[in-house]
Amino acid sequence: MKKVVFPFLFGVLLCVGFAGCTSGRPVQHTEPITQADYLQVLKDSVLKLNIQVDKLTYMAATYETYLVAYENERIAKDDSIRLLTDSVTKLNQRPLMTKAQFLDLYKYERLLKYYKICKARPVNWKYYKGWSTRVFEGGE
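All values reported here derive from a predicted model rather than from experimental measurement.

Residue-level account of the nonpolar core, with values.
Within the largest apolar cluster, five residues are counted, these being L111, Y114, C118, W131 and V135. Elements with a minimum of two residues in this core: α3 (99-120) and α4 (125-137). With three residues, the single largest contributor to this core is α3. Setting aside chain neighbours within four positions, we find Y114 in contact with Y128, W131 and V135.

Let's hear about the packing of aromatic side chains: which residues, and what values?
For any pair of aromatic rings, geometry is given as the distance between the ring centres together with the angle between the planes. A complete count under the given rule lists four aromatic pairs for this structure. Among the aromatic residues, those joined into a cluster by ring pairs are Y114, Y127 and W131.

Kindly report on α3, identifying the contributing residues and their values.
In this model α3 runs 32 Å from its N-terminal to its C-terminal C-alpha over 22 residues, within 8% of the 32 Å that 1.5 Å per residue would give. Within the span of α3, buried status applies to K107, R110, L111, Y114 and C118. The buried side chains of α3 occupy one side of the element, clustering within an arc of 95° when seen end-on. Of the exposed residues in α3, those oriented more than 90 degrees away from the buried face are Y108, K116, K119 and A120.

Go over the pattern of salt bridges, please, and point to the residues and values.
For the structure on display, the rule yields one salt bridge. Across the pair E71 and R74 runs a salt bridge whose closest N-O atoms are separated by 2.4 Å. Within this pair, E71 and its partner R74 are both found in helix α2 (residues 35-93), separated by three residues, close to a single helical turn. Here E71 falls in the partly exposed class, since its relative accessible area comes to 31%. When its relative accessible area of 35% is taken as the criterion, R74 is described as partly exposed.

Quick one: what's the story with the packing of α3 against α4, residue by residue and with numbers?
One way to put it is that α3 packs onto α4 with a least axis distance of 10 Å and a crossing angle of 175°. Regarding the angle of α3 to α4, the classification is roughly antiparallel. In this structure, α3 contributes K107, R110, L111, Y114, Y115, I117, C118 and K119 to the contact, and α4 contributes W125, Y128, W131, S132, V135 and F136. Tallied by class, residues from the contact of α3 with α4 come to ten nonpolar, one polar and three charged.

Which residues make up α4, and what values do they have?
In a regular helix each residue adds 1.5 Å, so 13 residues correspond to 18 Å; α4 covers 19 Å between its end C-alpha atoms and thus fits that length. Those residues of α4 lying buried are W131, S132 and V135. With its buried residues spanning 100° around the axis, α4 presents them on a single face. Seen from the open side of α4, the exposed residues pointing more than 90 degrees away from its buried face are K126, K129 and E137. Each element contacted by the buried residues of α4 is listed here: α3.

The rules behind the values
Residues numbered from 1 in each chain as written. Predicted model: local features only at pLDDT ≥ 70, side-chain atom pairs only at ≥ 80, totals over all residues. Heavy atoms only, no water. Core = buried A, V, L, I, M, F, W, Y, C linked by side-chain atoms within 4.5 Å. Buried < 20%, exposed > 50% of the residue type's maximum accessible area, 1.4 Å probe, protein only. Helix = DSSP H or I, 4+ residues; strand = E, 2+ residues; numbered from the N terminus. Contact = heavy atoms within 4.5 Å. Phe/Tyr/Trp six-rings, centres within 6.5 Å; stacked < 30°, edge-to-face > 60°. Expected span 1.5 Å × (residues − 1). Arc of directions from axis to C-beta. Salt bridge = Lys/Arg side-chain N within 4 Å of Asp/Glu carboxyl O. Axes fitted to C-alpha atoms, helices over the stretch in contact; angles between N-to-C directions. Parallel < 35°, antiparallel > 145°, perpendicular 65-115°, else oblique. Nonpolar A, V, L, I, M, F, W, Y, C, P; charged D, E, K, R; others polar.

In short, geometric facts, not functional conclusions.
Given below as structure tokens:
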């Protein structure tokens, strides 16, 4: 059986190979191209080019819009950075508080807090002397 099948397949492949191959020359159209066909091809080409130009015009307009938006955002950020830098400069130029001044201010704020407590509820006046003593004698 093998002796019959292999020569048969080889023969089929050989016939298909020779019959299916071409000479390698390009196929030439036998019909001449008329002027109407040529004009239609040109119209189609022009239409395709116009579509591509429209796409490119849209892309350029979109790019320009994004570029303008980016530039506006960059300017806004620059302005905010400039404002922040000005604020930092102003803070650095203000006079600084010494340690003694800070402690005096802290003591005054504590006394004010105790005064407001006593003013709101007069029963607490009996504690005011102890609170004020603690403010001036403790924690330095």
